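# Chains, contacts and geometry: an overview
The lines below spell out each chain.
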Amino acid sequence: DEGPVLRVSMDGDPWQISLPRGGLPLPALERRLVEEAIRMHGGNKSAAARYLGIPRHVLLYRIEKYAIDPEGLKP
């Protein structure tokens, strides 16, 4: 049984995420968002940072924090 659905509209672009009833570990969610942004942009960290709306140095900090291998995320 899924939990509530979070609906968000960013610049008129609606999206949603199902929230699990058992809890949502924010660090795990943040890691996955960073990984997916990097993957979506073919490993381009500047483009991934722009997509996430954060400065590149913040993205680099999170890559280091979560021990993400951007090269392993390229298609």
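For the structure, see preceding data.
Residues numbered from 1 in each chain as written. Predicted model: local features only at pLDDT ≥ 70, side-chain atom pairs only at ≥ 80, totals over all residues. Heavy atoms only, no water.

So, on to the overall build of the protein chain. Helix and strand counts for the protein chain come out as 3 helices and 2 strands. In sequence order, the secondary structure elements of the protein chain are arranged as β-β-α-α-α. C-alpha atoms of the protein chain, sized along the principal axes, occupy 35 × 30 × 25 Å. Out of the 75 residues in the protein chain, the part that is buried amounts to 21%. By element, 56% of the accessible surface of the protein chain is carried by carbon and sulfur atoms, the whole surface being about 5,500 Å². Looking at the protein chain, you have 11 positive and 10 negative side-chain charges, and the mean spots of the two groups are 3 Å apart. (Helix = DSSP H or I, 4+ residues; strand = E, 2+ residues; numbered from the N terminus. Buried < 20%, exposed > 50% of the residue type's maximum accessible area, 1.4 Å probe, protein only. Areas by Shrake-Rupley, 256 points an atom, 1.4 Å probe, with all protein chains shown as cover. Lys, Arg positive; Asp, Glu negative; His and termini not counted. Charge placed at Lys NZ, Arg CZ, Asp CG, Glu CD.)

Residues Ala47, Ala48 and Ala49 constitute the buried set of helix α2 (residues 45–52). Two to three positions downstream of the cap, the backbone nitrogen of Ser46 sits 3.0 Å from a side-chain oxygen, assigning the N-cap of α2 to Asn44. The positive-phi residue at the C-terminal boundary of α2 is Gly53, with phi of around 75 degrees. (Polar contact = N/O pair within 3.5 Å; in protein donor to acceptor, adjacent residues only side chain to side chain.)

Here the focus is unusual backbone geometry. The backbone of Ala67 sits at a positive phi, close to 50 degrees, despite the residue not being glycine. Within the element layout of this structure, Ala67 appears in the segment after α3 (56–65).

Okay, the layout of surface pockets next. Volume-wise, the largest pocket comes out at about 690 Å³. For the largest pocket, the lining is made up of 20 residues, of which Met10, Trp15, Leu33, Tyr51 and Leu52 are closest to its centre. Mapped onto the lining of the largest pocket, the elements with two or more residues apiece are β1 (5–10), β2 (13–18), α1 (26–40) and α2. It is α1 that contributes the most residues to the lining of the largest pocket, 8 residues altogether. Split into classes, the residues belonging to the lining of the largest pocket amount to 15 nonpolar, 1 polar and 4 charged. (1 Å grid on protein atoms, 1.4 Å probe; cavity = no way out; pocket = protein on both sides within 12 Å on 5 of 7 lines; lining within 4 Å. Points joined across faces, edges and corners; volume = space filled by probe spheres on them. Nonpolar A, V, L, I, M, F, W, Y, C, P; charged D, E, K, R; others polar.)

Attention now goes to the pairing of β1. Note: β1 against β2, 6 bridges, orientation antiparallel. Residue pairing in the sheet places Val8 in a bridge with Trp15 of β2. The antiparallel hairpin formed by β1 and β2 contains 2 residues in its connecting segment, where Asp11 sits at a positive phi of about 55 degrees. (Pairing = 2+ DSSP bridges.)

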